[in-house]
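Secondary and tertiary structure notes
The chain contents come next:
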Amino acid sequence: MRIPAPIAYIVLYVALYAAFGAASPFWPKFFETRALASQQIGLILAAAMLTRLVSGPLVARLADQLGSLRLVLAGCAAVAASAAIALLWADKFWWLLLVALVQAAALAPTTSIADALSVNTARPRFEGRSFEYGWIRGAASAAFVLGTLVAGQLVSPADLTAVIWMNAVFLIAATGATALLPEQARAQRSPSFAVSGLKALVSVSQFRIMIVASALIYGSHAVHDAFAVIRWSDADISTSAISFLWSEAVVAEVLVFMLAGPALLDRFGVRGAAILAAAAGIIRWSVAGVTTSVLLLSLIQPLHGLTFALLHLACMRMMGTLVAASVAATAQALYAFGSGLVTAVLTFLSGALYASYAGAAFFPMAALCIIALPLAWFGFANARD
């Protein structure tokens, strides 16, 4: 007897994101325990990022062409788990680089394919309530945090093998969870636009504008993610206060995904939600650029729920009505590619910006959200909510 679709997807996402949370914060330290120099660690991390940007769209397109998203997702998770275990025996730089790139290539399409499946399934009834994508994505965010916390308790500075095993076990669980997903979920709806191929997909102006607008708003987090903790530490903010500020953003993300976000989408639609996300970014980065007051920072950190979670929900609902099932994984991968590429470029530039302007480096990030406002108005229009 197949379990209900919402529960199946929650199991899948919890396993995937727990694997990410258990390992991603600790990879640099793990490579350091393998006696790698800082330059070598940087090369592995940068090469893995580039590999993910290339692999994500290619594998997602293959999944669409094969018409077997569950099978490709299971294969990617299994390969990634195998690569994680292989890291236990890799002790030379080139072997570590090779295995890390294999895992990066396998992991890149997993979230895009999972989103393609779940967004297209988020229509049935579940115990009298609508099945909301935000429920499973909120559970994923919570699982990421818990994975990080548990891994942090199990590892020591000199021995991070627990990270490898946690990563591998959760990825194996994700592989098995694909068998729980409903079959033929992608064919249960018809798109509002006749998009049946890659060329037709990218010809839809709303889809292109959505990718650009979301990439600008997501990319605007670059300075914060790279230098907020440094800026706060330099302002003599305690580590406990920094932990609280960071936790605020994560809690807000989970709450918007699971509770507030679906209600805001129903009230304002995808256009209103995208505009609200851009406006929140303008406020958040403008305030962050002029103050290190813990009180003021504590007021703007929850805006992460809007600048990330609400925007992501709007994009998912947009694609749920705009994109045909035959290119669902490809669309998700292009969406991830756009934000990943812009974020990578802005993260690279953020170093020079922060070195030259310190806190004022947040102002260009606010400017990106200002640019995104009209794009949100035009790109998110006329999608069925």
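Residues numbered from 1 in each chain as written. Predicted model: local features only at pLDDT ≥ 70, side-chain atom pairs only at ≥ 80, totals over all residues. Heavy atoms only, no water.

Named according to an unreviewed UniProt entry, the protein is MFS transporter originating from Bradyrhizobium agreste. Word for word, the UniProt comment on the protein under Subcellular location (unreviewed entry) is "Cell inner membrane". (UniProt positions renumbered as here; feature names shortened; annotations may be inferred.)

Describing the overall build of the protein
Of the regular secondary structure elements, the protein holds 15 helices and two strands. Taken against the 2.2 N^0.38 rule, which gives 21 Å for 385 residues, the C-alpha radius of gyration of the protein at 20 Å falls within 12% of a compact globule. Dimensions along the principal axes, computed over C-alpha positions, put the protein at roughly 55 × 50 × 40 Å. Within the protein, the proportion of its 385 residues that are buried is 53%. (Helix = DSSP H or I, 4+ residues; strand = E, 2+ residues; numbered from the N terminus. Rg over C-alpha atoms; globule rule 2.2 N^0.38 Å. Buried < 20%, exposed > 50% of the residue type's maximum accessible area, 1.4 Å probe, protein only.)

A few points about a nonpolar patch on the surface
A contiguous nonpolar surface patch, about 470 Å² in accessible area, is contributed by Phe337, Leu341, Val345, Phe348 and Leu349. Structurally, Val345 can be placed in helix α14 (residues 328-357). (Patch = residues over 30% accessible without salt bridge, like charges linked within 9 Å, V, L, I, M, F, W, Y side chains within 5 Å. Areas by Shrake-Rupley, 256 points an atom, 1.4 Å probe, with all protein chains shown as cover. Salt bridge = Lys/Arg side-chain N within 4 Å of Asp/Glu carboxyl O.)

A closer look at the nonpolar core
In terms of nonpolar packing, the biggest core is built from 96 residues, with Leu12, Tyr13, Phe207, Met210 and Phe380 touching the most fellow members. Here this core gets 15 residues from one element, more than from any other, and that element is helix α11 (residues 239-288). If sequence neighbours within four positions are ignored, Leu12 has contacts with Leu73, Ala114, Ala174, Ala177, Thr178 and Leu181. If you look at the next biggest cluster of nonpolar residues, it comprises 25 residues, including Ala23, Val99, Val163 and Met166. (Core = buried A, V, L, I, M, F, W, Y, C linked by side-chain atoms within 4.5 Å. Contact = heavy atoms within 4.5 Å.)

Here's the deal with the pattern of salt bridges
Per the stated rule, a full pass over the model turns up three salt bridges. Residue Glu132 pairs with Arg317 through a salt bridge whose shortest N-O separation is 3.5 Å. With Glu132 in the loop between β2 (129-130) and α6 (133-154) and Arg317 in helix α13 (residues 304-322), the pair connects residues that are 185 residues apart, well separated along the chain. Linking Asp266 and Arg317 is a salt bridge whose minimum nitrogen-to-oxygen distance equals 2.9 Å.

A few points about the packing of aromatic side chains
On inspection of all chains with the given rule, the structure shows 12 aromatic pairs. Aromatic side chains Trp232 and Trp246 sit 6.4 Å apart centroid to centroid with 70° between the ring planes, which places their arrangement in the edge-to-face category. You can see Trp232 sitting in helix α10 (residues 222-234) and its partner Trp246 sitting in helix α11, a full 14 residues away along the chain. Its relative accessible area of 4% is what places Trp232 among the buried residues. Centre to centre, the rings of Trp285 and Phe362 are 6.1 Å apart; their planes meet at 15°, and the pair counts as stacked. Here Phe362 lies in helix α15 (residues 362-379) and Trp285 lies in helix α11, a separation of 77 residues in the sequence. The same class applies to Trp285 as to Phe362, namely buried. Three or more aromatic residues link up through ring pairs in this structure, and these residues are Tyr218, Phe257, Phe308 and Tyr335. Sitting over the ring of Trp377, Arg271 keeps its end group 3.9 Å from the ring centre. (Phe/Tyr/Trp six-rings, centres within 6.5 Å; stacked < 30°, edge-to-face > 60°. Lys NZ or Arg CZ within 6 Å of the ring centre and 35° of its normal.)

Brief notes about α11
Under the 1.5 Å per step criterion, the end-to-end length of α11 is only 18 Å for 50 residues, more than 12% shorter than the ideal 74 Å. A maximum bend of about 110° is found in α11 at Gly269. (Expected span 1.5 Å × (residues − 1). Bend = angle between axes of the 7 residues up to and from the residue.)

Overview of the packing of helix α3 (residues 38-66) against α14
Direction vectors running N to C along α3 and α14 enclose 170°, while the axes themselves pass 7 Å from each other. In terms of orientation, α3 lies roughly antiparallel with respect to α14. Residues Met49, Leu53, Gly56, Pro57, Ala60, Arg61 and Asp64 of α3 touch α14, and the partners they reach there are Ala328, Ala329, Thr330, Ala333, Phe337, Gly340, Leu341 and Ala344. A per-class count over the contact of α3 with α14 returns 10 nonpolar, three polar and two charged. (Axes fitted to C-alpha atoms, helices over the stretch in contact; angles between N-to-C directions. Parallel < 35°, antiparallel > 145°, perpendicular 65-115°, else oblique. Nonpolar A, V, L, I, M, F, W, Y, C, P; charged D, E, K, R; others polar.)

Brief notes about unusual backbone geometry
With a phi close to 65°, Ala35 is a non-glycine residue in the positive phi region. Examined against the element boundaries, Ala35 turns out to sit in the loop between α2 (27-33) and α3. According to the relative accessible area criterion, Ala35 is exposed, its value standing at 70%. The phi angle at Ala358 is positive, at roughly 50°, despite the residue not being glycine.

Observations regarding helix α7 (residues 161-177)
In a regular helix each residue adds 1.5 Å, so 17 residues correspond to 24 Å; α7 covers 24 Å between its end C-alpha atoms and thus fits that length. Restricting attention to buried positions, one finds in α7 the residues Val163, Ile164, Met166, Asn167, Ala168, Leu171, Ala174, Thr175 and Ala177. Residues of α7 that are buried in the fold lie against α1 (5-23), α2, α4 (69-86), α5 (93-121) and α6.

Observations concerning the confidence of the model for the protein
Residues of the protein with pLDDT of at least 70 account for 92%, and the chain-wide mean is 88. The low-confidence segment residues 124-129, where pLDDT is below 50, has 10 contacts with residues more than four positions distant or belonging to other chains. (pLDDT = per-residue confidence, 0-100.)

Things to note about the side chain of Gln332
Checked against the element boundaries, Gln332 lands in helix α14. Each residue touching Gln332, except ones within four places of it in the same chain, is listed here: Ser112, Asp115, Ala116, Val119, Met316 and Met319.

Points about the side chain of Arg317
Arg317 gets classed as buried once you look at its relative accessible area, which sits at 14%. In this structure the side chain of Arg317 is engaged in a polar contact, spanning 2.9 Å, whose partner is the side chain of Asp266. (Polar contact = N/O pair within 3.5 Å; in protein donor to acceptor, adjacent residues only side chain to side chain.)

Some words on the packing of α3 against α5
With their axes 7 Å apart at the nearest point, α3 and α5 run at an angle of 40° to one another. Regarding the angle of α3 to α5, the classification is oblique. In the crossing of α3 with α5, the sense of the turn from one axis to the other is right-handed. Across the interface between the two elements, Gln40, Leu43, Ile44, Ala47, Ala48, Thr51, Arg52, Ser55, Gly56, Val59, Ala60 and Ala63 from α3 touch Phe93, Leu96, Leu97, Ala100, Leu101, Ala104, Ala105, Ala108, Pro109 and Ile113 from α5. Residue classes in the contact of α3 with α5 are distributed as 17 nonpolar, four polar and one charged. (Left-handed = near helix turned anticlockwise from the far one by under 90°.)

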